[in-house]
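Structural overview
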Amino acid sequence: MIDTRTTEMQELISPKLPHIFYGGDYNPEQWPKATWQEDVRLMQEAGVNVVSLGIFAWAWLEPRPGEYHFEWLDEIMDLLHAHGIMVDLATATASPPPWLAKLHPESLPVTADGVRLSPGSRQQYCPSNHAYREAAQALVKQLAERYRDHPALILWHIGNEYGCHIPDCYCDQSAAAFREWLQQRYGTIEALNDAWGTAFWSQRYGTWDEINPPRAAPTFINPTQQLDWRRFSSDALLECYEQERSILKEITPDVPVTTNFMGFFKPLDYWKWARREDVVSNDSYPDPSDPHSHVAQAMSYDLMRSLGGGKPWLLMEQVTSQVQWRPHNPLKRPGQMRLLSYQALARGANGIMFFQWRASQAGAEKFHGGMVPHVGTANSRVWDEVRKLGAELPRLDPLLAARVPADIAILLDWESWWAVEQDAKPSQDVRVLSQILSYYAPLFMRNITVDFVPPNADLHGYKVVLAPNLYMVRDDIAQTLEQFVSNGGTLVMSFFSGIVDERDHILLGGYPAPFRRVLGLRVEEFDPYVPGQTNHIRMSDGSTYTCDLWSDVIDLEGAEALAYWTDDFYAGRPAITRHAFGQGISYYLGTRPEQVCMEQILEQVCNEADVRPVLAVPPGVEVVRRENADRSFLFVLNHTTSAVEIGLNQTAHNLLTGEEHSERVTLQSRAVAVLESGR
Ligand code: GLA
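Residues numbered from 1 in each chain as written. Predicted model: local features only at pLDDT ≥ 70, side-chain atom pairs only at ≥ 80, totals over all residues. Heavy atoms only, no water.

Our next topic: the side chain of Asn 129. As for its position among the elements, Asn 129 is in the loop between α5 (98-103) and α6 (130-147). We classify Asn 129 as buried; its relative accessible area is 0%. At 3.4 Å, the side chain of Asn 129 forms a polar contact with the backbone oxygen of Glu 106. At 3.0 Å, the side chain of Asn 129 forms a polar contact with the backbone nitrogen of Ala 131. Setting aside residues no more than four positions away along its own chain, Asn 129 makes contact with Glu 106, Ser 107 and Gln 173. (Helix = DSSP H or I, 4+ residues; strand = E, 2+ residues; numbered from the N terminus. Buried < 20%, exposed > 50% of the residue type's maximum accessible area, 1.4 Å probe, protein only. Polar contact = N/O pair within 3.5 Å; in protein donor to acceptor, adjacent residues only side chain to side chain. Contact = heavy atoms within 4.5 Å.)

What follows is the structure, encoded as structure tokens:
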């Protein structure tokens, strides 16, 4: 029998706070002590129950090398605790103090062009630099030992947004670390030469020390060298994280750890990173002036849930009003912050936090919004919205252990993403994220929830797997997908998939070699378009659609054609195919069709696979279901600027208003309902 209590405890970020987390980055070092008192009072007024503390406080904690000052942090930790506020305590290593650069100029990062960057901004460290790593670890040890038993400590926040500004460093120390990493991977120089294909352009290496990072060079750099550099650079930062994590795990084994992710952040293979976190957390700053930004935001939230294997995650940062780092920074409109907060909860988050608590008075982020704005709290729209959200979140406690079910998975392989977007390709316009979005958006619009999965995933339980541009084939993915389809699953794969192995060597014998059997076809050639060029496809019902970006020239080997090219020398040959394989079906899209065509194809796929929308609603309304063993929680989010009526198929209790709805619910513009019912 399942012990529901234990299961529910496991779904909590920490048993110390069995509620939705609500708070933000708190930087008391920027303010006089008198303000601290006001801060904690206002935090209580806003319903804040947790803050992230000390993220950029290294220079305050260790003003001179080895000289630590924790008195102020002791005081603020105690003050927060006295007011019932928990602390996500940062290891403070995201930005070293200026003394580190003075003492160790070699700790500063170097660009591919050989420019050494200066202090005066943030994140100015080379990930492979020993002095940085040693100083960081020493600080982490001090912090862990000092606060190990502090009652306010609920979570460790390691670093901050790893790689955000400096995803890699090209200095000599990084070069040495790269060589070590390569020796680990390949063992012998011959194996490296083979993997890198150095017979080409006289690139053969005789000894390890001839190898360098892919620094500025006359023309295209060896693609496998570039790819290994991406792998190494993600791992180098992960090693920094891991060194801090192991200190924390030794001293405070029961305190969970996280580091804040940045959605679909290309430089770091988050599948690898997430395995080292107890809680996945994410920072999200959709452009409020883009009417579609909530779609990409939903997609990144689905990724966060998937990175943690479906466990609740934490929205670590968003902004109440406006950021300061775009060229133009419009405000979130009234109700937009609340709506976007609920979108995170709908997609599996158990916490809503902001950068930052109090808007700064000085520094590069002084025009970035805060929970407490520059105008203060009296007659402030922002503060009112912050306070109201904080007041209603406790009503959502019943859903803390509820998960988000999904029948469809999108395959995302970071290494393939790196490889396909390198230079010297058939087209520089094949971009993984926009390809994924072209599959995700039609499903989002129909309120069909999607998970993401890595290439070594267990696909059991999914009805449909989408593989847009799976250029690189590794981790037995070809066998996994073949098995999945043969057991009754549906696969949808797009052009420029199955092209190379993990060394970025072409898989010969007709594209996409390892998937030909399951897809029932061969791609003889591909024809990428120049900007503005289009072609057309005709579906079997006679309807015609425009395509851009790419044409595959396809021979059928068992598949049937669903659409044919109308133009060019390959007119009449298949462009989109369907293949019955074993008990399942595979689809192949040899191009990028316009959105209505994508909608139609994915609708057919969903109908055949019996994947149903969560609820049929008017356009612009997002619906997501969370559920636990016996309850279902339907999030209904109105992203439009007018009121909508939603028909319900069962009686439900609105957790936010306390109302009972039997047949329908009316939602004003940007309003939200969370409807609880039995399963
Ligand atoms: C990131 C950082 C924060 C802050 C915000 C501004 O998320 O983690 O320190 O700079 O961006 O949007």
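Tracing the chain through its elements places Gln 203 in the loop between α8 (189-196) and α9 (223-251). With relative accessibility at 18%, the residue Gln 203 sits in the buried group. Within the structure, Gln 203 has its side chain in polar contact with the side chain of Asn 222 (distance 2.8 Å). Gln 203 has contacts with Asn 193, Thr 198 and Asn 222, leaving out every residue within four places of it along the chain.

One can describe the packing of helix α4 (residues 71-82) onto α6 by two numbers: an axis separation of 12 Å at closest approach and a directional angle of 40°. Between α4 and α6, the angle is such that the two are oblique. By crossing handedness, the relation of α4 to α6 is classed as right-handed. Where α4 approaches α6, its residues Leu 73, Asp 74 and Met 77 are matched on the opposing element by Leu 143, Arg 146 and Tyr 147. Residue classes in the contact of α4 with α6 are distributed as four nonpolar, no polar and two charged. (Axes fitted to C-alpha atoms, helices over the stretch in contact; angles between N-to-C directions. Parallel < 35°, antiparallel > 145°, perpendicular 65-115°, else oblique. Left-handed = near helix turned anticlockwise from the far one by under 90°. Nonpolar A, V, L, I, M, F, W, Y, C, P; charged D, E, K, R; others polar.)

Moving on, we come to the domain arrangement of the protein. Per the domain assignment, the segments of the protein are domain 1 (49-279), domain 2 (282-400), domain 3 (408-609) and domain 4 (621-678). If you average the C-alpha positions of domain 2 and of domain 4, the two centres end up 21 Å apart. Taken together, the contact between domain 2 and domain 4 spans 23 residues of the former and 15 residues of the latter. Summing the contributions of domain 2 and of domain 4, the shared interface buries around 1,700 Å²; its carbon and sulfur component is 64%. Of all residues in domain 2, the largest losses of buried area upon contact with domain 4 belong to Leu 339, Ala 346 and Leu 399, amounting jointly to 35% of the total for that side. Along the contact surface separating domain 2 from domain 4 lie seven residue pairs in polar contact (both at pLDDT 80 or more). Of all the secondary-structure elements, those providing two or more residues to the side of domain 2 that touches domain 4 are α11 (293-307), α12 (336-346) and β9 (349-354). Among the elements that line the side of domain 2 that touches domain 4, the one with the most residues is α12, at eight residues. Tallied by class, the residues present in the side of domain 2 that touches domain 4 amount to 12 nonpolar, six polar and five charged. (Domains from an automatic or database assignment. Buried area = accessible area lost by both parts, 1.4 Å probe.)

Okay, the packing of helix α15 (residues 432-445) against helix α18 (residues 595-609) next. Each pair of packed helices can be summarised by the angle the axes make with each other and by the distance between the axes. Taken N-terminus to C-terminus, the directions of α15 and α18 make an angle of 70°; their axes are 9 Å apart at the nearest point. It follows from the interaxial angle that α15 and α18 lie roughly perpendicular. In the crossing of α15 with α18, the sense of the turn from one axis to the other is right-handed. Contacts between α15 and α18 involve Ser 438, Tyr 439, Ala 441, Pro 442, Leu 443 and Met 445 on the former and, on the latter, Gln 595, Met 598, Glu 599, Leu 602 and Cys 606. Looking at side-chain class alone, the contact of α15 with α18 contains eight nonpolar, two polar and one charged residues.

Applying the stated criterion across every chain yields a total of 35 aromatic pairs. Where Trp 58 meets Tyr 132, the ring centres are 6.1 Å apart and the plane angle is 55°; that geometry is what we call tilted. Of this pair, Trp 58 sits in helix α3 (residues 58-61) while Tyr 132 sits in helix α6, and the two are 74 residues apart along the sequence. For Trp 58, a relative accessible area of 0% puts it in the buried group. Where Trp 229 meets Phe 232, the ring centres are 5.3 Å apart and the plane angle is 40°; that geometry is what we call tilted. Here Trp 229 pairs with Phe 232, and both are found in helix α9, just three residues apart, close to one helical turn. No difference in accessibility class separates Trp 229 from Phe 232, as the two residues are buried. Geometry around Trp 31 places Arg 358 over its ring, the cationic atom sitting 5.5 Å from the centre. (Phe/Tyr/Trp six-rings, centres within 6.5 Å; stacked < 30°, edge-to-face > 60°. Lys NZ or Arg CZ within 6 Å of the ring centre and 35° of its normal.)

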